[in-house]
Amino acid sequence: MKYMLLMQFSEKNVDFPKIDEWRPEEIQAHIRFMTETNTALSEAGELVDAQGLAMPETAKIVRSHSGGAPVVTEGPFAESKEWVAGWWIVDCETEGRAVEIAAQVSAAPGPGGQPLNMPIEVRQVMSGPPAEL
């Protein structure tokens, strides 16, 4: 089964400084951890995809506009206190294994090398619509 692991941040659930306040060696250690994790998942045949996202200030919301040009709203979005920082899609035998992987990436190093204990949302990727539809 495939699972999406969403790395989400919120002003309420982080107790570490924004990454642009980290020392260069802390950022390098964090990136090295993520690279090594992705390599290990790939070698185990469990990694489907993993991506980091740019900061939420670069986001745009696009809505169709009934035959006209789409409406594009620039960020940052003051009303939104949560954002997705990145994701993994893993293909593993059980939800328990997906949770294990999420726990591993949650502990990525941050300032001072301390584990960030980031919240990681685990959701199964649907292979199609429900059979009853």
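Residues numbered from 1 in each chain as written. Predicted model: local features only at pLDDT ≥ 70, side-chain atom pairs only at ≥ 80, totals over all residues. Heavy atoms only, no water.

Student: If you had to explain the pattern of salt bridges to someone new, which residues and values would you point to?
Tutor: By the definition in use, this model includes 5 salt bridges. Put simply, Glu46 and Arg97 hold a salt bridge, and the shortest N to O gap is 2.8 Å. One end of the pair, Glu46, is in the loop between helix H1 (24-43) and strand E2 (47-52); the other, Arg97, is in helix H2 (residues 95-106), with 51 residues separating them in the sequence. Judged by its relative accessible area of 11%, Glu46 falls in the buried class. By relative accessible area, which is 23% here, Arg97 ends up partly exposed. Residue Glu121 pairs with Arg123 through a salt bridge whose shortest N-O separation is 3.5 Å. Each of Arg23, Glu25 and Glu26 takes part in salt bridges that share partners, so that together they form one network. (Salt bridge = Lys/Arg side-chain N within 4 Å of Asp/Glu carboxyl O. Helix = DSSP H or I, 4+ residues; strand = E, 2+ residues; numbered from the N terminus. Buried < 20%, exposed > 50% of the residue type's maximum accessible area, 1.4 Å probe, protein only.)

Student: Explain H1 residue by residue, including any values.
Tutor: Residue pairs three or four apart in sequence face the same way in an α-helix, which turns once every 3.6 residues. A rise of 1.5 Å per residue sets the reference length of H1, with its 20 residues, at 28 Å; its end C-alpha atoms lie 28 Å apart and thus fit the reference within 8%. Glu26, His30, Met34, Thr37 and Leu41 are the residues of H1 that are buried. All buried residues of H1 lie within an arc of 75° about the axis, which places them on one face of the element. Within H1, the exposed residues directed more than 90 degrees away from the buried face are Pro24, Glu36 and Glu43. (Expected span 1.5 Å × (residues − 1). Arc of directions from axis to C-beta.)

Student: Explain the packing of H1 against H2 to me, using residue names and the numbers behind them.
Tutor: In contact at an axis separation of 11 Å, H1 and H2 are set at 160° when each is read in the N-to-C sense. In terms of axis orientation, H1 runs roughly antiparallel to H2. Crossing angle aside, the handedness with which H1 passes H2 is right-handed. Seen from H1, the contacting residues are Phe33, Met34, Thr37 and Leu41; seen from H2, they are Arg97, Ile101, Gln104 and Val105. Across the contact of H1 with H2, the residue classes tally to 5 nonpolar, 2 polar and 1 charged. (Axes fitted to C-alpha atoms, helices over the stretch in contact; angles between N-to-C directions. Parallel < 35°, antiparallel > 145°, perpendicular 65-115°, else oblique. Left-handed = near helix turned anticlockwise from the far one by under 90°. Contact = heavy atoms within 4.5 Å. Nonpolar A, V, L, I, M, F, W, Y, C, P; charged D, E, K, R; others polar.)

Student: Help me get a handle on the nonpolar core, residues and values and all.
Tutor: Looking at soluble globular proteins, one finds that nonpolar side chains tend to be buried together. Ranked by internal contacts, the top residues of the largest apolar core, which has 21 residues, are Leu5, Met7, Trp88, Val90, Met118 and Ile120. Contributing elements (two or more residues each) for this core: strand E1 (2-10), H1, strand E5 (82-91) and H2. Setting aside residues no more than four positions away along its own chain, Val90 makes contact with Met1, Lys2, Tyr3, Leu5, Leu41, Glu46, Val48 and Ile101. (Core = buried A, V, L, I, M, F, W, Y, C linked by side-chain atoms within 4.5 Å.)

Student: How would you summarise the sheet that holds E5 if you had to cite specific residues and measurements?
Tutor: Here 4 strands make up an open sheet; going across it, the order is E2-E5-E1-E6 and the pairing antiparallel. A single partner strand is all that each edge strand has here, and the edge strands are E2 and strand E6 (120-124). Strand-to-strand twist of the sheet, defined as the mean angle between neighbouring strand axes without regard to direction, takes the value 20°. Here 9 bridges tie E1 to E5, and the two strands are oriented antiparallel to one another. Each bridged residue has a counterpart across the sheet, and for Leu5 the counterpart in E5 is Trp88. (Pairing = 2+ DSSP bridges.)

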